[in-house]
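Architecture at a glance
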Amino acid sequence: MKTTKPTKHRKPDPELIRQLFERFEQDKPEPKTELNYSNAFTLVTAVALSAQATDVSVNKATGPLFAIADNPADMLSVGEDRLMKMISSIGLYRNKAKNVIAMCRILIDQYGGQVPMNREALLSLPGVGNKTASVVLNEMDIEPAIAVDTHVYRVSHRLGLVDASANTPDKVEAELMQVIPKHWLTRAHHWLILHGRYVCVARKPKCNICIVRDLCPKIGVDFMPLV
Ligand code: SF4
């Protein structure tokens, strides 16, 4: 595989960005999260549970869980011990169960059982960090946001969407928000995640079947550090 070292202070070409996202849009006009949810509460819960876990493992646990508890009151009835057992296949399940129960108490006490749809309030909830808040606000169509996970980070660098100096998720997010045209922002998060999950995978990217292979500079392929 041909490798290219990252160059310094590389600026993304707006024309390249346009072509890339047109391609993603043609391929998947309405990309969706692969986490199963039915409302804002199950969304924020599923996203919080998905930290350092796969969507598949989260869906497996939340299927039976959300069938009996798709709102804060019912989740409190489930209780921490039973919740822990129900999500025990997910990494960090003990802390996550504690946080979900604590979040439910706050939602009931302070927000009438509803999930507040603004970043500041979301960030005040136990277990909800910047990435979870971004995913929720973006998914609910409240505020375009790009939560940068390992897939988004890797694909953004390989495609040259961000400068080589963007070496943290926050820096990558800030650059992506600047360079991606507004009308694609909400869907860009999904496109980049799905592309990284299924095509531009970490160790052996599937360039031969990639829909943007003729546009991609393949920056850092083979030695991009994972976050
Ligand atoms: S061409 Fe290869 S490196 Fe570039 S986005 Fe596609 S899979 Fe990733």
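Attention here is on the structure that accompanies the text.

Okay, the site of the ligand next. Around the ligand sit 13 residues, and of these C200, P205, C207, C210 and C216 come closest. For the shell around the ligand, the class distribution of residues is nine nonpolar, no polar and four charged.

Another aspect to go through is helix α6 (residues 93-111). For α6, built from 19 residues, the straight-helix expectation of 27 Å at 1.5 Å per residue is met to within 8% by its first-to-last C-alpha distance of 25 Å. All buried positions along α6 are accounted for by K96, A97, V100, I101, M103, C104 and L107. Projected down its long axis, α6 shows its buried positions confined to an angular sector of 155°, all on one face. Those residues of α6 that are exposed and angled more than 90 degrees off the buried face are R94 and D109. In this structure, the buried side of α6 is in contact with α2 (40-49), α4 (72-78) and α5 (80-86).

This brings us to the nonpolar core. Of all hydrophobic cores here, the largest spans 54 residues; its most connected members are V44, V100 and V152. Put simply, the parts of the chain that give this core at least two residues each are α1 (14-27), α2, α3 (55-68), α6, α8 (130-139), α9 (150-158), α10 (169-179) and α11 (182-198). In terms of residue count, the dominant contributor to this core is α2 (seven residues). A domain split of this core shows at least three residues from each of domain 1 (3-32 + 146-223) and domain 2 (40-139). Beyond its immediate chain neighbours, meaning those up to four positions away, V100 contacts T45, A48, M75, L83 and G127.

Let's shift gears to α2. Summarising burial for α2: nine of the ten residues are buried, a large majority. Listing the buried residues of α2 in full gives F41, T42, L43, V44, T45, A46, V47, A48 and L49. Buried residues along α2 sit against α3, α4, α6 and α8.

So, on to the packing of α2 against α8. Here α2 crosses α8 at 145°, and the two axes come no closer than 9 Å. Regarding α2 and α8, the two cross each other, and that crossing is right-handed. Across the interface between the two elements, L43, V44, V47 and A48 of α2 pack against T132, V135, V136 and E139 of α8. Within the contact of α2 with α8, the residues separate by chemical class into six nonpolar, one polar and one charged.

Conventions we followed
- Residues numbered from 1 in each chain as written.
- Predicted model: local features only at pLDDT ≥ 70, side-chain atom pairs only at ≥ 80, totals over all residues.
- Near = placed C-beta within 6 Å.
- Nonpolar A, V, L, I, M, F, W, Y, C, P; charged D, E, K, R; others polar.
- Helix = DSSP H or I, 4+ residues; strand = E, 2+ residues; numbered from the N terminus.
- Expected span 1.5 Å × (residues − 1).
- Buried ≥ 20, exposed ≤ 12 C-beta atoms within 10 Å, placed from the backbone.
- Arc of directions from axis to C-beta.
- Contact = placed C-beta atoms within 7 Å.
- Core = buried A, V, L, I, M, F, W, Y, C linked by C-beta atoms within 7 Å.
- Domains from an automatic or database assignment.
- Axes fitted to C-alpha atoms, helices over the stretch in contact; angles between N-to-C directions.
- Left-handed = near helix turned anticlockwise from the far one by under 90°.

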